[in-house]
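# Summary of the model geometry
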Amino acid sequence: VLSGLLVCQECGRAYRRITKHDGSVIWRCANRVEHGSKLCKKSPSISEELIQMTIAKHLSASYTEDAIRQNIRQITVHSNGFLEV
């Protein structure tokens with residue numbers, strides 16, 4: 001349900017879900033994943049936990065797939081790690 005929601009403020013590309021070797025999940029700008037810092041220099045990696053907490057705070061207690069799809073069009077990821085819903 002988070003795919004396509006997160007957008008990099010610096011370059012405008014979507015964020016991708018990445019599972020690290022230790023099993024933790026982060027989201028990274030697709031340009032950073034594909035091209036390193038050549039096209040997108042300051043986009044941070046964001047933990048899935050932070051994204052979930054931000055969405056839950058925005059939607060109050062109704063953190064369901066339907067609630068997310070109906071109420072959130074985009075989450076902009078700023079270079080300082082701030083998530084703007």
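Structure report, in brief. (Residues numbered from 1 in each chain as written. Predicted model: local features only at pLDDT ≥ 70, side-chain atom pairs only at ≥ 80, totals over all residues. Heavy atoms only, no water.)

## Observations regarding the sheet that holds strand S2 (residues 15-19)
Strand order in the open sheet formed by three strands is S2-S3-S4, and the pairing between neighbours is antiparallel. Looking at strand neighbours, the two that pair on one side only are S2 and strand S4 (46-47), the edges of this open sheet. (Pairing = 2+ DSSP bridges. Helix = DSSP H or I, 4+ residues; strand = E, 2+ residues; numbered from the N terminus.)

## Some points on the nonpolar core
Membership of the largest hydrophobic core comes to 19 residues, with the highest contact counts inside it found for Leu2, Leu6, Tyr15, Trp27, Ile51 and Ile55. The set of elements that each furnish at least two residues to this core consists of strand S1 (6-8), strand S3 (25-29), helix H2 (48-59), helix H3 (65-71) and strand S5 (75-77). Discounting residues that sit within four places of it in the chain, Trp27 has contacts with Leu2, Ser3, Leu6, Tyr15, Arg16, Arg17, Pro44, Ser45, Ile46, Glu48 and Ile51. (Core = buried A, V, L, I, M, F, W, Y, C linked by side-chain atoms within 4.5 Å. Buried < 20%, exposed > 50% of the residue type's maximum accessible area, 1.4 Å probe, protein only. Contact = heavy atoms within 4.5 Å.)

## Quick word on the pattern of salt bridges
Taken as a whole and judged by the stated rule, the model has four salt bridges. Arg13 is the partner of Glu34 in a salt bridge, and the nearest nitrogen-oxygen pair spans 3.4 Å. In this pair, Glu34 is assigned in helix H1 (residues 30-35) and Arg13 in the loop between S1 and S2, connecting sequence segments 21 residues apart. We classify Glu34 as partly exposed; its relative accessible area is 37%. (Salt bridge = Lys/Arg side-chain N within 4 Å of Asp/Glu carboxyl O.)

## Overview of H2
Taking 1.5 Å per residue as the helical rise, H2 with its twelve residues ought to reach 16 Å, and the 16 Å between its terminal C-alpha atoms agrees with that figure. The first or second residue beyond H2 is Ser60, which carries a positive phi of 65°. (Expected span 1.5 Å × (residues − 1).)

## Considerations on the pairing of S2
As paired strands, S2 and S3 are joined by five bridges and run antiparallel to one another. Residue pairing for S3: Tyr15 is matched across the bridge by Cys29. The antiparallel hairpin formed by S2 and S3 contains five residues in its connecting segment, where Gly23 sits at a positive phi of about 95°.

## Structural notes on the environment of Ser24
Tracing the backbone through its elements, the reader meets Ser24 in the loop between S2 and S3. Sequence separation of Ser24 and Glu49 is 25 residues, and the distance between their C-alpha atoms is 9.4 Å. Apart from the residues within four sequence positions on either side, Ser24 is in contact with Ile18 and Thr19. A distance of 2.6 Å separates polar atoms of two side chains, one belonging to Ser24 and the other to Asp22. (Polar contact = N/O pair within 3.5 Å; in protein donor to acceptor, adjacent residues only side chain to side chain.)

## Things to note about the sheet that holds S1
Overall, mixed pairing links the three strands, which are arranged S1-S5-S6 in an open sheet. At either margin of the open sheet sits one strand with a lone partner, and together these are S1 and strand S6 (83-84). Pairing of S1 with S5, which is carried by three bridges, proceeds in the parallel orientation. Bridge assignment links Val7 to a residue of S5, and that residue is Thr76.

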